[in-house]
Amino acid sequence: MSQKITSYPGHEITPEDLKASKYLEIIQKVEPKYSWAAGVAISRFLNELKEGRLIGRKCDQCERILVPPRMYCERCYRPTDSWVYVKDTGTVNTYSISHVGTDARRLKSPLLVAVVEIDEASPGMGILHTLSEVEPSRVTIGMKVQAVWKPAEERQGAITDIRYFKPFEGV
Amino acid sequence: MRRRVAIIGAGMTLFRRRMLETGKELSFEAAKMALDAAGLTLKDIESVVEGSAPDAFDGVHMKGEYLIDGSGGIGKPYQRVYVGGGTGVFTPVAGWWNVASGLYDTCLCVAEEKMSPLHPHPQYAFWSIFDQILERPLGTTLLWIFSLEMRRYMHKYGIKEEEIAEVAVKNKGNAVDHPCAQLGAKITVDDVMRSEPICSPVKRLDVSPPSDGAAAVILASEKVAKKLTDQPVWLDGVGWTLDSTHWTNRDLAYPEYVEKAAKMAYKMAGIKNPRKEIDIAEPYDPFDYKELHHLEGLQLAGKGEAPKLAIEGVSQRDGDMPVCPSGGLLGVGNPIAAAGMMKVCECFWQLRGEAGKRQVKKDAHTAVAQAWGDLMQVGTVTVMRS
Amino acid sequence: MPFKIGIVGVGYAGFDTMTPGLSTRELMFEAASRAYADAGIDPRKDVQSFICCTEDFWEGISITDEYMPDQLGAVLRPLCTVSSDGLVGVATACMHIASGLADVAVVESHSKASDVVNPNEIMSFGFDPVYNRHLDVDPRFLAGLEMTRYLKDSGTKREYCADVAVKNKKNALSNTRGVYGTNLSRETVLASPNAAAPLTELESSKVIDGSIVMVLASAEKAKKLGDHTVWVRGIGWSSDTPVIEDRDLATAAYAEQAAARAYKMADVRAPVSAFDLAEVDDTYSYKELQHLEALKLAAKGKAGRMVDSGSFDRNGKLPVNASGGSLGVGHLLEATGLHRLLEAILQLRGQAGQLQIPGARKAVVQSWRGIPTATGAVAVLGN
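Since the model is a prediction, treat every value here as computed from it, not as a measurement. (Residues numbered from 1 in each chain as written. Chains lettered and ligands numbered in written order. Predicted model: local features only at pLDDT ≥ 70, side-chain atom pairs only at ≥ 80, totals over all residues.)

## What to know about the overall build of chain C
Helices and strands together make up the secondary structure of chain C, namely 16 helices and 11 strands. Expected size for 383 residues packed as a compact globule is a radius of gyration near 21 Å; at 19 Å, chain C falls within 12% of this value. For chain C, buried positions account for 67% of its 383 residues. (Helix = DSSP H or I, 4+ residues; strand = E, 2+ residues; numbered from the N terminus. Rg over C-alpha atoms; globule rule 2.2 N^0.38 Å. Buried ≥ 20, exposed ≤ 12 C-beta atoms within 10 Å, placed from the backbone.)

Encoded structure:
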């Protein structure tokens, strides 16, 4: 604020004011509804999740394998060329221990979230997911992890067909 | 032909968790104060730019239209520009092109945010910034993306949480002197470290609060500005850049989009050595590590070296390059678009020597304000000179 | 110095009631790829600014610009959202070019209306939450109010509004992009169910999907980019009050103001005789009449009679919405202004096919943002 200005507009409503119902509130529920077309790339990705597989798209110009897949390469600005299956294992790029949910309320038990770089995709190609079957204090950046899938009959073509990633026990 | 553009007035409201005023009323209060400061009335304004972040906060579709009367836009060429959290600094950038293009001589730029209407918590609006198919089903919150980025930044450069906490201590301390501030306080690194973990490594005191508020500036062409004031502050550089949608495919340790935006603005302003030429910086600090991240993107510190600035005193208000002398979002509050504009207002008042108790010690002629937004994706930058 | 900025490339995709096979981003990639090929540019090298005109609630995404850069070739480049109609985006591109920020700027807008399950509710969310939203009715009630007031104040015969729908839907039959082209009688239009009386359903445009991309360039740069340049000679945009009770519901004040600015820039003194064609907003039938009068293409209260007498037919004195407009082609949400512009550009390029108006050299284009807004833009074009 400029020192030339000596008063500042605005009236605060305190939590006490709210409790005392000092001001009127108008409550409305805004419920927009959507039925999104997933498109060519993500439809295939979801169908493969249902089969318990991860798939990417390859751009022949920059030779990157893109996960999640897209039909265009954003760097070369051209259509991507082919579908490539990638492994369901990867490396923790970064992680966090979340104590809150989407509406900022505390969760009963904390959730481990991570960006997982997928094996056989190009370096740095990560996806967002959760980690489990591991103590939060034991998670490290660079840790190898693998997907834990829902049973085939429960999978519905959604990112949650992978329940979470857990420490990689393979070779 | 590009024309030189000046800021000739600024204004802002209190920033508080919940305000009685509607978004329209907050916009009006900030705009009126800026007009008064410039010695103008709405009749003198040729075009209006308004900035505000997601419509989901207010539950009003086409929020820009809803805010027209409060922002002074009736009967005028009016635009709402929008780049998520980067909107506040982007609003005067839009004003800049209104004037620099020669279309208009005066432009009123208003940024408002009314986050409190959304229940149970404003954070909920951020759920819908994530990919609706691949990310939202995981129960995303905005805090995830910050904590994931903060962890990666710490890991890559070996930075400790305590070093990052110094930023919260500095900014909340600076905000004690800001008459509009929501969370000014003298705290210690220990206080930050002991505050409740929200999304580890992010703790309660690493985070800025949601707020209601508005801020505004008046822009004028060189010819008009020189008639109206002896102390124009020149908006000599503007820049903005968006990175890819795919944030999980990106280097989370360094904001390349801020670097690109800064270089665009520096080139326009003729700045060759930012660290030497910039006297005051107001980088976006919704989280304490973000100030550090952004200082590096702004080329005001080497990669991984920004934490030293607060610790060694360089970025303190009496230092060689004060950073967030306003108190930043961490201290003044974070009504998203208004918070970015508050930074531009702070640079204006500092460069005019009108910042009172917050006035920096050094003789300051050049300042940079920057905001960030979207999925770790957008940088918006303005360079100002007295 | 006269204002002169070139439109050097256009591209579009979609123009259908549904585009279930493509995501919004894939639809945009198609449109953008065509526009860049048309302009002969590489977006990764040749473009300094990208502008998207979108609204969060239409997309179902908060902060929609997050999802825009990749498919436009705009990664790590200046890109922003202007929350308005596409024509305001074009105005923004013009300012970017005039201020020297960009030599080449790109504007995109789209409709993926088929993704939206409850569009009427979303439109209702645009009303003032305290004063207007409690009305639990079709949001087009505002159109009904406007139309009633327009008919009364202008002395326009009710039937003339229906004639607008007849004309535009007939024109759309010759347009490859037209989804709602058909031959109807005035009586059929009047007898269709009420949308918001007196407005009927056949007088109310229906949404379709589509993405439109425009490439703009400075006069100097445009010389090097193809030989199809259409010039923007003037552009204006304006907003009336958002308080609907405060508006003069009979007139489109926003369009009058926007036109005054655009005409001044382009030095248009006698609009009636200045243009070879007009593409104006016809989201609802009466809107075309209101807009023609606001643009001074018809005297106050005379637009309806001129539609009736055929003055605005494709072979009339001044063809208006020869493309079929939104009533005939379909409504593209925030891309509607770009659609009006696209149709005018194809005419001025001589690429309008069956729709071609011989010797078209000058055009005026106008947009409106739809309910509940009083915001619109006007562009004056020449080749």
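From this point, the discussion proceeds with the structure in view.
## Structural notes on the domain arrangement of chain B
Residue and element names in this part refer to chain B. Splitting chain B by domain gives domain 1 (5–120 + 211–235) and domain 2 (139–209 + 238–385). Put simply, the middle of domain 1 and the middle of domain 2, counted by C-alpha atoms, are 22 Å apart. The interface is formed by 38 residues belonging to domain 1 together with 38 residues belonging to domain 2. Of all the elements in the fold, those that place two or more residues in the side of domain 1 that touches domain 2 are β1 (5–12), α3 (87–100), β4 (106–114), β7 (212–221) and β8 (233–242). Looking at the side of domain 1 that touches domain 2, the element that brings in the most residues is α3, giving eight residues. The residue inventory of the side of domain 1 that touches domain 2, partitioned by class, reads 21 nonpolar, 12 polar and five charged. (Domains from an automatic or database assignment. Contact = placed C-beta atoms within 7 Å. Nonpolar A, V, L, I, M, F, W, Y, C, P; charged D, E, K, R; others polar.)

## Description of the packing of helix α8 (residues 158–172) of chain C against helix α13 (residues 285–294) of chain C
Residues and elements named next belong to chain C. One can describe the packing of α8 onto α13 by two numbers: an axis separation of 7 Å at closest approach and a directional angle of 100°. In terms of orientation, α8 lies roughly perpendicular with respect to α13. Residue-level inspection shows Y160, C161, A162, V164 and A165 of α8 in contact with α13, the latter providing S285, Y286, E288 and L289. (Axes fitted to C-alpha atoms, helices over the stretch in contact; angles between N-to-C directions. Parallel < 35°, antiparallel > 145°, perpendicular 65-115°, else oblique.)

## Notes on the sheet that holds strand β5 (residues 82–86) of chain A
All names here are of chain A. Within the open sheet, the three strands sit side by side as β2-β1-β5. Their pairing is antiparallel. Edge strands, defined here as strands with exactly one partner in the open sheet, are β2 (65–66) and β5. Taken together, the five bridges between strand β1 (residues 54–58) and β5 define a ladder with antiparallel strand orientation. Each bridged residue has a counterpart across the sheet, and for L54 the counterpart in β5 is V86. Where helix α2 (residues 39–50) meets the sheet, it contacts β1 and β5, and its direction lies at approximately 150° from that of β1. (Pairing = 2+ DSSP bridges.)

## Overview of the interface of chain A and chain C
Taken together, the contact between chain A and chain C spans 19 residues of the former and 26 residues of the latter. When residues of the side of chain A that touches chain C are assigned to their parent elements, the largest contribution, three residues, is made by α2 of chain A. Counted by class, the side of chain A that touches chain C contains 12 nonpolar, three polar and four charged residues.

## A few points about the interface of chain C and chain B
For interface size, the figure often reported is the accessible area lost on association. Opposite the 47 residues of chain C that make contact, chain B presents 49 residues. Elements represented by at least two residues in the side of chain C that touches chain B include exactly α3 (56–59), α4 (69–72), β3 (79–82), α5 (86–98) and β8 (230–239) of chain C. Among the elements that take part in the side of chain C that touches chain B, α5 of chain C stands out by supplying five residues, more than any other. For the side of chain C that touches chain B, the per-class residue count stands at 22 nonpolar, 17 polar and eight charged. In this sheet, β3 of chain C lies alongside strand β3 (residues 78–82) of chain B in antiparallel orientation, the contact comprising two bridges. For V81 of chain B, the partnering residue across the bridge sits in β3 of chain C and is V82 of chain C.

## Quick word on the confidence of the model for chain C
Of the residues in chain C, 100% reach a pLDDT of 70 or more, and the chain-wide mean stands at 97. For this predicted complex, the interface confidence score (ipTM) comes to 0.97, while the overall pTM stands at 0.97. (pLDDT = per-residue confidence, 0-100.)

## Regarding the pairing of strand β10 (residues 362–368) of chain C
Residues and elements named next belong to chain C. Burial analysis of β10 places six of its seven residues in the buried class, the great majority of the element. Both strand β9 (residues 277–279) and β10 contribute to a ladder of three bridges, which runs parallel. Paired with A278 across the two strands is V364, which belongs to β10. Judged from the seven bridges that link them, β10 and strand β11 (residues 375–382) form a sheet pairing that is antiparallel. Within β11, the position partnered with W368 by the bridge is G376. What sits between β10 and β11 in their antiparallel hairpin is a turn of six residues, with G370 showing a positive phi close to 90°.

## Observations regarding the nonpolar core
A216, V217 and L219 of chain B together with M214, L216 and A379 of chain C are the most contacted members of the largest nonpolar core, which has 333 residues in total. Here the element with the most residues in this core is helix α13 (residues 336–351) of chain B; it accounts for 12 residues. Contacts of M214 of chain C, omitting those with residues within four sequence positions, involve I7, V10, A35, V90, V107, L338 and L341 of chain C. (Core = buried A, V, L, I, M, F, W, Y, C linked by C-beta atoms within 7 Å.)

## Focus on the pairing of strand β2 (residues 47–51) of chain B
All names here are of chain B. Summarising burial for β2: five of the five residues are buried, a large majority. Where β2 and β4 come together, five bridges link them in parallel fashion. Directly across from S47, in β4, lies its bridge partner C107. In this sheet, β3 lies alongside β2 in parallel orientation, the contact comprising four bridges. Looking at β3, one finds that V48 is bridged to Y78.

## So, helix α1 (residues 23–38) of chain B
All names here are of chain B. Taking 1.5 Å of rise per residue, the 16 residues of α1 would be expected to cover 22 Å, and the 23 Å separating its terminal C-alpha atoms lies within 8% of that figure. Across the 16 residues that make up α1, a large majority, 13, are buried. Positive backbone phi, approximately 70°, marks G39, located one or two places after α1. (Expected span 1.5 Å × (residues − 1).)

## Quick notes on the environment of I162 of chain A
Residue and element names in this part refer to chain A. Relative to the assigned elements, I162 resides in strand β10 (residues 162–167). Take I162: there are 22 C-beta atoms within 10 Å of it, and that puts it in the buried class. Residues I162 and K50, 112 residues apart in the sequence, show an inter-C-alpha distance of 9.3 Å. With near-sequence residues (within four places) excluded, I162 lies in contact with H129, A147, V148 and W149.

## Overview of the environment of W349 of chain B
Position of W349 of chain B relative to the elements: it lies in helix α13. The spatial distance from the C-alpha of W349 of chain B to the C-alpha of A10 of chain B is 8.1 Å, given a sequence separation of 339 residues.

## Comments concerning the environment of D281 of chain C
Residue and element names in this part refer to chain C. Its place among the elements puts D281 in the loop between β9 and α13. Residue classification places D281 among the buried positions, given that 30 C-beta atoms sit within 10 Å. Along the primary structure D281 and L327 are separated by 46 residues, whereas in three dimensions their C-alpha atoms are 9.4 Å apart. Apart from the residues within four sequence positions on either side, D281 is in contact with K287, H291, T336, R340, Q366, S367, W368 and G376.

## Let's talk about the packing of α3 of chain B against α13 of chain B
When two helices pack together, their arrangement is given by the angle between the helix axes and by the axis-to-axis distance. Residue and element names in this part refer to chain B. Running from amino to carboxyl end, α3 crosses α13 at an angle of 60°, the nearest separation of the two axes being 6 Å. Between α3 and α13, the interaxial angle falls into the category oblique. On the side of α3, the interface is formed by T87, G88, V89, T91 and P92, while α13 contributes I336, A337, A338, A339, G340, M341, K343 and V344. Partitioned by chemical class, the residues of the contact of α3 with α13 number eight nonpolar, four polar and one charged.

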